[in-house]
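# Observations on chain architecture
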Amino acid sequence: MGGGVGWPGVGVGQCPCEMGSWGPVSLHDQTQSRAAPTHGPCGRACMKSGPSVVLPAALGPSAVVVVVVAAAVAALDRASLLSSSVPGMVLKAFFPTCCASADSGLLVGRWVPEQSSAVVLAVVHFPFIPIQVKELLAQVHQASRVGLAVLGTWCHRRQEAEESLGHFLEGLGAIFSHEPWLQLCRERGSKLWSCKATRRQVPPHPGAPYEDQVMLVFYDQRKVLLSQLHPPADLPDRQAADATASAGGLAAVFDTVARSEALFRSDRFDEGPVRLSHWQSEGVEASILAELAKRASGPVCVLLACLLSLISAASACRVFTLWPLSFVWSKLSVCEQLRHRLEQLTLVFSTQKAENPTQLMRKANVLVSVLLDVALGLALLSWLHGKDRIGQLAEALVPVADHVAEELQHLLQWLMGAPAGLKMNRALDQVLGRFFLYHLHLWISYIHLMSPFIERILWHVGLSACLGLTVALSVLSDIIALLTFHIYCFYVYGARLYCLKICGLSSLWRLFRGKKWNVLRQRVDSCSYDLDQLFIGTLLFTILVFLLPTTALYYLVFTLLRLLVVAVQGLTHLLVDLINSLPLYSLGLRLCRPYRLAAGVKFRVLEHEAGRPLRLLMQINPLPYGRVVHTYRLPGCGCHPTHSWGSLCRKLFFGELIYPWRQRGDKQD
């Protein structure tokens, strides 16, 4: 008996029985362990422990899992290919663990000739009528399009009187003809199993055996039915092809169990003509709340789908496409978030049924994301309306705005003097300082004019939290943009003036070198200038050079203030995008039921003794959390950074306006 973790395909050699000679596999030890040879079913000497798996050090943990699973299933496939040269074939019989204690009967399942595998789905018990068994298989085939057949017999010897049952079961092969015919038997009072596969056809080689070697692989039928097998990750070179081929072999097993759900709808309480044993034979799993929700979801989805279609038609009205409204809607973050929320609700309450598990998972992720968003929004709403916090915010807003304006006024006065001991152009310094101070006084007057209405505005804005926390955060981003509009104006004035001087200096520098910018061909060409042009260019270049430090200082100060505001808005947008795009339902499945998201399988050796079949236990490897997020990540509301660090620094140096957080589809400057 082997208690360690074994990976099939590690020790495959010339002998088919060597596939069962695997000991515990180490992923880090690159040496080959040796043990005393034992004799397998073929009579040849084979090693007890095969060579360990050697993996490249450059592969990450997820790649290691896929490579090991690929090696495991590829070994099973190589065992099938080996049968062309060895007289006795090595067959793989996938047997459900729930049927290990079932009474004797017939093995019902699907034969996969490409993999030389038999996937057992259920056990048919006595008494039964053969024609009724065939009718049941025909009904399942019509419902699921899976070709099921009687693969063989199952004998569970519990008492002495059942010794003669095996001879009776052997005779059923004449009624249910199938090649090969499996005969699985569990010995009385022990955990020993016997497996053999017989063929009625005449062997092609003289002296070849009529029986094939059988490898028994146990699997949890419920977990395999509910799990979704994901394709392997991208691996370099040869490993990618091996992983894809191995995943195809596993997919046949997973697909057979998943599509045969119609076979599992009956239990032992049904009064049908055929009695089966499977994972739901003791009672079909069901929930009263789930059934009520399914019945009520149809009318509710139809009603909400009609309501959402009316809202979509109203939002697409031609009145909202006129210039003032379209311009405002394109600049406000809350409008983009409301549009995204409408798309989410339309997807969730759509009356169309999901065509595949991926679409169903996306609907579940969107539904959980919306529910969590609304729950957080309601919690924020209850906090804002409790203990008159909205009134406290309204009373604190005006003093904060006055304090910010006062600090900006001190900053402008400092710039109008000798900032950091720098000698500035006094005339230009005074003009720019007074210009910005005038705009600052206008902003203070605007805030004091709106102060009586601020509490009512905040009260109505707080109600937007009932639509979700993301809507409230989008409103907060727009409020920050409105409250810092004077800083944005200062930045635009300084950036335009600085960009004008940089462009002028660039053009005059080309004039000194006898070159000019060709607008039509978008390149720099040679040009000859007369003496007057060179003299005027020298004067203008000198003036711009001496005025540049004053302009650059104002531009630098207001650019830093603008970047501070943009950073706050960027964090808000990132939080909104995180809530919108995080696949919460998939992460919950990975945490609570990891077998639902399968990345592959692993095998553990249960029994390997001379003269007895190799018994393995197939276990599901869950999908890593990183791949869960990458696979099921939802599309965000469209706010994303449009500049790299190099592009951002270049724009800042040349005085171009920056909008690091844009909506998708907006025209770039």
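What you see is a predicted model, and the numbers here were worked out from it, not measured in a lab.

### A closer look at unusual backbone geometry
Trans peptide bonds make up most of the peptide bonds, and negative phi angles are found at most residues other than glycine. The amide bond that connects Phe126 to the next residue, Pro127, takes the cis arrangement and shows omega of -5 degrees. Topologically, Pro127 is positioned in the loop between strand E5 (117-125) and helix H2 (130-144). The step from Glu179 to Pro180 runs through a cis peptide bond, and the omega angle for that step is -5 degrees. Mapped onto the elements, Pro180 comes out in the loop between helix H3 (165-170) and strand E7 (181-186). A positive phi angle is found at Lys387, which is not glycine, with a value near 60 degrees. Its place among the elements puts Lys387 in the loop between helix H9 (357-385) and helix H10 (389-416). The phi angle at Gln522 is positive, at roughly 55 degrees, despite the residue not being glycine. Following the sequence through the fold, Gln522 ends up in the loop between strand E12 (515-518) and strand E13 (523-526).

### Considerations on the packing of helix H8 (residues 333-348) against helix H15 (residues 531-581)
Contact geometry of H8 with H15 gives a least axis separation of 13 Å together with a crossing angle of 0 degrees. Here H15 runs roughly parallel to H8, going by the angle between their axes. Of the residues in H15, those in contact with Ser333, Gln337, His340, Arg341 and Gln344 of H8 are His573, Val576 and Asn580. In terms of residue class, the contact of H8 with H15 is made up of one nonpolar, six polar and one charged.

### So, the UniProt feature "transmembrane region" (unreviewed entry) in the protein chain
According to UniProt, the feature "transmembrane region" (unreviewed entry) maps to residues 53-76, 300-323, 366-384, 457-484, 533-557 and 563-587 in the numbering used here. Secondary structure across residues 366-384 comprises 100% helix and 0% strand; the distance between its end C-alpha atoms is 27 Å. Counting secondary structure, residues 533-557 comes out at 100% helix and 0% strand; the distance between its end C-alpha atoms is 35 Å.

Cut-offs applied
Residues numbered from 1 in each chain as written. Predicted model: local features only at pLDDT ≥ 70, side-chain atom pairs only at ≥ 80, totals over all residues. Heavy atoms only, no water. Helix = DSSP H or I, 4+ residues; strand = E, 2+ residues; numbered from the N terminus. Axes fitted to C-alpha atoms, helices over the stretch in contact; angles between N-to-C directions. Parallel < 35°, antiparallel > 145°, perpendicular 65-115°, else oblique. Contact = heavy atoms within 4.5 Å. Nonpolar A, V, L, I, M, F, W, Y, C, P; charged D, E, K, R; others polar. UniProt positions renumbered as here; feature names shortened; annotations may be inferred.

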